[in-house]
Amino acid sequence: MAAVQETIDKVKAIDVDQYKYGFVTDIESELAPKGLSEEIVAYISAKKEEPEWMLNWRLEAYRRWKTMDEPTWARVEYPKIDFEDLHYYAAPKKREGLKSLDEVDPEILETYKKLGIPLSEQEILAGVAPEHRVAVDAVFDSVSVATTFKEELAKAGVIFCPISEAIREHPELVQKYLGSVVPVSDNFYATLNSAVFSDGSFVYIPPGVRCPMELSTYFRINEQNTGQFERTLIIADKGSYVSYLEGCTAPQRDENQLHAAVVELVALEDAQIKYSTVQNWYPGDSEGKGGIYNFVTKRGDCREKNSKISWTQVETGSAITWKYPSCILRGDNSQGEFYSIAISNGHQQIDSGTKMIHLGKNTASRIISKGISAGVSQNTYRGQVSAHRKASNARNFTQCDSLLIGDKCGAHTVPYIESKNSTAVFEHEATTSKISDDQMFYCQARGLNEEEAVALIVNGFVRDVIQQLPMEFAVEAQKLISISLEGSVG
Amino acid sequence: MLEIKNLHAEVDGNKILRGIDLTVRPGEIHAIMGPNGSGKSTLSYVLAGKEDYEITEGSITYNGVDWEELGADERAAAGMFLAFQYPIEIPGVATMTFLKTALNAQRKARGEEEISTPDFMKLVREKAKELKVTPDMLKRPLNVGFSGGEKKRAEILQMSLLEPSLCVLDETDSGLDIDALRIVSEGVNQLRSPDRSMIVITHYQRLLDHIVPDVVHVLSKGKIVKTGGKELALELEKNGYADYVDEEAA
Amino acid sequence: MNAPAKIQETNAEQSLNAQFDAIFAQTTQNNANQRKQAWEAFKAKGIPHRRVEEWHYTDLRSKMNDAFALASKTTPKAEALTGAGDLKTYRIAIVNGRYVPELSSNQEVTGLSVAETSGVLEAQLGTDDAMASLNQALVQGGVSIKIDANAKIQLPIEIVRYTDGSDVSSYAGTSVEIGSGAKALIIESFEGAANAAYQSNALTEVKVGDNADVHWLKLQVESQKAQHIETLSIELGAETNFQHFIYNEGSALSRAQLFLEFKGEGTHAGLRGTSLLKDSQHADITLFVNHAVPECESREYYRAVVDDKARAVFQGKIIVEQGAQKTDGQMMIKTLLLSDTAEINAKPELEIFADDVQCAHGSTTGDIDEDLLFYLMARGIPEAQARKILVLAFLSEAIEEFEEEQCVDLLEAMTRKWLHADDLVSE
């Protein structure tokens, strides 16, 4: 008992101040004036050199948004956001018409280097075996600053570029799919995003193509008082496959910053999309001051038969997380997966989970959620599994486990299980526990010190999810978990 | 008499049985041996009439009746009994209740009188004692919390109560220690009779030391590849299935 | 998942307005203030609808085209009341919300006292629910039941709640106080004339002392056209055993909401039930179980069998407050859907603020297990009969855990009758 208590005390004593990625890049930026209006929407659209249809789409979203209220159902508390006190566009000032990576501001390249994301292809090629190459789209505040391996991907027919570029270069694809999974009026934050989204990644995998490398986007919020509103759209055409990774960090700042992203995935017949996220936005300090408000709408549409979408997330950052990566299982035999690790410490609040909407026949979904709460944080799993009338033989298995470290935090589970089909079989299991004294003792009796023991047990607790991550990400995630929980462990 | 002719069957579109011919006369015991995945359990399910096990070609007739026409319950009433490899646990149904329901359902289907409760109790107690099935087991829900050996003994108890004319024992020896194997085998041997046919499905020869078969068949990849006397089982025990598997592959 | 929205007053709400005004004009008792407060609380929310999170799956507003007139005082024939059937009991009859001594037992039972009341309660739990507030605004009568400390009441206490008439509504407020060390079995039935359309709204407040042992069986066998709303608020002392079972068979629409709070340590509460639904019945069981103190154990096990176009709703929230260490809470919801138009909505929630706890919940939804069915058929049992056996077994598992033999027998008999399975062998 004593050993566990000591560990808990230690975890409590450690605050989130040691956030590793809290540095600020000193760079001159171009900012839109604070506040939101039709003019600002037009300003963003103009900055992006967008066609008229895009501007109209944004304006329609903006008008809708004006009529909507912020949602209040999630188990998170925060002061009212003043949407007029934000910059909706921030971009590093740059010379006109940059063509090559060499011309990216060295400060930015340095930033990504510090974050462990090399943006120079030579650098990547030097140290990594070809099968482990990852193409990166780097988004800095409101703009994409660099995309690597574009040419090589283009050879395979894969389009991987900033969404602003896709709007100009591939309007037919964007017009067809943008907003087709998350409609403009879906929810308050998604609608806001539709009006003001600045950048993000666009991916199109043509029929029958297995994307030759992992694709990745790295999001960085740098500027003060800005919101980041990225938009990602991934389309896997018939019989294709893609694995996509997403990482995020932000500097340590006293005020809260808003991040309201929308991610849309479309999987056509026999296609497969694997989407992995390691979210490590700045969580705020030990007093609960500052940190990112992470209000994200992520949804995948298994639009045609035999398609599969798999979400894996490791959520360790942000002051508030509001996020439900979901799957609409429309095509017969389609499959959806959601694997999640959500760690809250300090004053963090997480309300996250998924929705599995079974519409087609023989659709299957699997949810594995592992929540770990420490400090005075609140960690909620909220998930919906539903089978519609025609979803014969739908299957769902849900396992949601919570681990509490210390007695000042909360762990909550809110599942919504809805079945309208008698042949649908849904199974849901949830447990809440702490690290048991027996487990601790056993590990210690085998020679582990208490910190190693906690790390071992927590890593065991989340193992099912870690296994779903691509190799490089899994290692990073494991490290991150130890750091998020106590820093001295691992 | 059971007659299986050129039987092909599949499960979920997977072809498992690929042309089985087998005739079992009253009083005979046939052993079916074979490696894992050869289709042994599929054969037992097809005989018992499990849904999803589809006959795609060939036929099964028992005493002249086309077996495919009958549902699982009708086959049971017509004398079929499958001793399951993995007897199912049914929480909420007491073993006694289940036994009586099954016995009366079969009697009713055959147009016989239902058994009275005192007669039934007496019958069960006698048979249970022989098979070392304790009164406590009879009170518990069907197979719930039974050990592997207890489940198999309970299966044989059912067989002895229901007095079938065609018994299929699917891997009845699996999960049994020597003592349990002996009790179960003795139970089966007591049920040997000139009117009763048995098919004993097993992977190992050891069960056949206790239940001595008249004929031994080797099943491989959904077909009977060799038929012989009881000495065939000993040969298999010595040489394994490799010969038959290879022969098939060649 | 939604915020309340302002919605125009419905027909039913307008009728309720008039009803309250009429009642309030006649109220001269000193509980007028309480009624008024309850009414204001109801008015602020209106009839619950799907945008109220706790009522998301039961949109009462859309199911109440109008509010029925308040039922008048009547005394039906004794034969009209079913209650616990042939069991020998101490009967308390409540008709149209009012205690009816003529239909109730009048013998002396040591340690038990029953008195008629106005129905206005001091309920502290569950009172922020709109329908509980409405009950207190319009309540027509009720009883107070007291069991003395250390009294072991051998005779089951039977509360028969009968709504007499069609197109009427009844509101009863009941308080039950069970002293420390007492033991009692309560069998409560909710019923009415077959096929009568009415709405019954009952609010019951239960306070149990320390070291008590209480079994409580609720039989909801209202008319198939009735609407049934029951709010039960329960406070439990230390080292007490409290077992509750809901048998849900009646009503077109029913909502049973239980608010249970542990006030003393070392207490065990078992909340169980079975719902047997067909046609287009809608049955909602909603629980709030608050582990406010350490070392208590709760079990929430419910099963539903849903046929035709019926719909079962289960919502259960286990709350473990900060400091309520060593809590053990287990919730399990199992549903069999017997038709392609049946529906289940389940929301088993955990809300945990203490670390040294063991809490789990589970839920399964599906059809009868094909392997079980095959096993029974392979033993010669025809399919239709095998299905009944499996449904009965599914429900019996929950029933048997109630551990009061006379109630278990009663429940199994009622379940068989519902299943048309009288021919099945019993143990």
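Residues numbered from 1 in each chain as written. Chains lettered and ligands numbered in written order. Predicted model: local features only at pLDDT ≥ 70, side-chain atom pairs only at ≥ 80, totals over all residues. Heavy atoms only, no water.

Under an unreviewed UniProt entry, the name given to chain C is Fe-S cluster assembly protein SufD, and the source organism is Pseudovibrio japonicus. On record in UniProt, under Sequence similarities (unreviewed entry), the comment for chain C is "Belongs to the iron-sulfur cluster assembly SufBD family." (UniProt positions renumbered as here; feature names shortened; annotations may be inferred.)

Chain A carries the name Fe-S cluster assembly protein SufB in an unreviewed UniProt entry, which gives Pseudovibrio japonicus as its organism. Note on chain A: under the UniProt heading Sequence similarities (unreviewed entry), the record states "Belongs to the iron-sulfur cluster assembly SufBD family."

Visitor: Tell me about the overall build of chain A, and please be specific about residues and values.
Guide: Assigned secondary structure in chain A consists of 13 helices and 24 strands. The 490 residues of chain A split such that 63% are buried. A fraction of 84% describes how many contacts in chain A between residues 6 or more apart in sequence connect residues 24 or more apart. Total accessible area on chain A stands at roughly 18000 Å², and carbon and sulfur atoms take up 48% of it. (Helix = DSSP H or I, 4+ residues; strand = E, 2+ residues; numbered from the N terminus. Buried < 20%, exposed > 50% of the residue type's maximum accessible area, 1.4 Å probe, protein only. Contact = heavy atoms within 4.5 Å. Areas by Shrake-Rupley, 256 points an atom, 1.4 Å probe, with all protein chains shown as cover.)

Visitor: Please provide a residue-by-residue account of a positive patch on the surface, values included.
Guide: Residue and element names in this part refer to chain B. On the surface, a cluster of positive charge is contributed by K15, R18, K221 and K223. With respect to the secondary-structure elements, R18 resides in strand β2 (residues 14-24). You can call R18 partly exposed: its relative accessible area is 41%. (Patch = residues over 30% accessible without salt bridge, like charges linked within 9 Å, V, L, I, M, F, W, Y side chains within 5 Å. Salt bridge = Lys/Arg side-chain N within 4 Å of Asp/Glu carboxyl O. Lys, Arg positive; Asp, Glu negative; His and termini not counted. Charge placed at Lys NZ, Arg CZ, Asp CG, Glu CD.)

Visitor: Before we move on, could you go through a negative patch on the surface and cite the residues and values that matter?
Guide: Side chains of D12, E51 and D52 of chain B together with D369 and E370 of chain C sit close together on the surface and give a patch of like negative charge. Locating E51 of chain B in the fold gives a position in the loop between α1 (40-48) and β4 (53-62). Look at E51 of chain B and you get exposed, because its relative accessible area is 56%.

Visitor: Which residues make up the domain arrangement of chain C, and what values go with them?
Guide: All names here are of chain C. Partitioning chain C into structural domains gives domain 1 (11-264) and domain 2 (369-427). A C-alpha centroid distance of 31 Å is found between domain 1 and domain 2. Listed as interface residues are 15 residues of domain 1 and, on the opposing side, 11 residues of domain 2. The junction of domain 1 with domain 2 conceals about 1200 Å² of combined surface from both sides, 78% of it contributed by carbon and sulfur atoms. Of all residues in domain 1, the largest losses of buried area upon contact with domain 2 belong to H215, F245 and Y247, amounting jointly to 40% of the total for that side. At the boundary of domain 1 with domain 2, the tally comes to 0 salt bridges. Across the contact surface, domain 1 and domain 2 share 1 residue pair in polar contact (both at pLDDT 80 or more). Listing elements by their share of the side of domain 1 that touches domain 2, those giving two or more residues are β8 (183-192), β10 (213-220) and β12 (241-248). Tallied by class, the residues present in the side of domain 1 that touches domain 2 amount to 11 nonpolar, 3 polar and 1 charged. (Domains from an automatic or database assignment. Buried area = accessible area lost by both parts, 1.4 Å probe. Polar contact = N/O pair within 3.5 Å; in protein donor to acceptor, adjacent residues only side chain to side chain. Nonpolar A, V, L, I, M, F, W, Y, C, P; charged D, E, K, R; others polar.)

Visitor: Explain the side chain of S298 of chain C to me, and be specific about the residues and the numbers.
Guide: Residue and element names in this part refer to chain C. Summarising the element assignment, S298 is placed in strand β16 (residues 297-306). Taking relative accessible area as the criterion, S298 reaches 1% and is therefore assigned buried. Of the polar contacts made by the side chain of S298, one reaches the side chain of H291; its length is 2.9 Å. In contact with S298, not counting residues within four places along its chain, are F262, A269, V289, H291, I318, D328, G329 and Q330.

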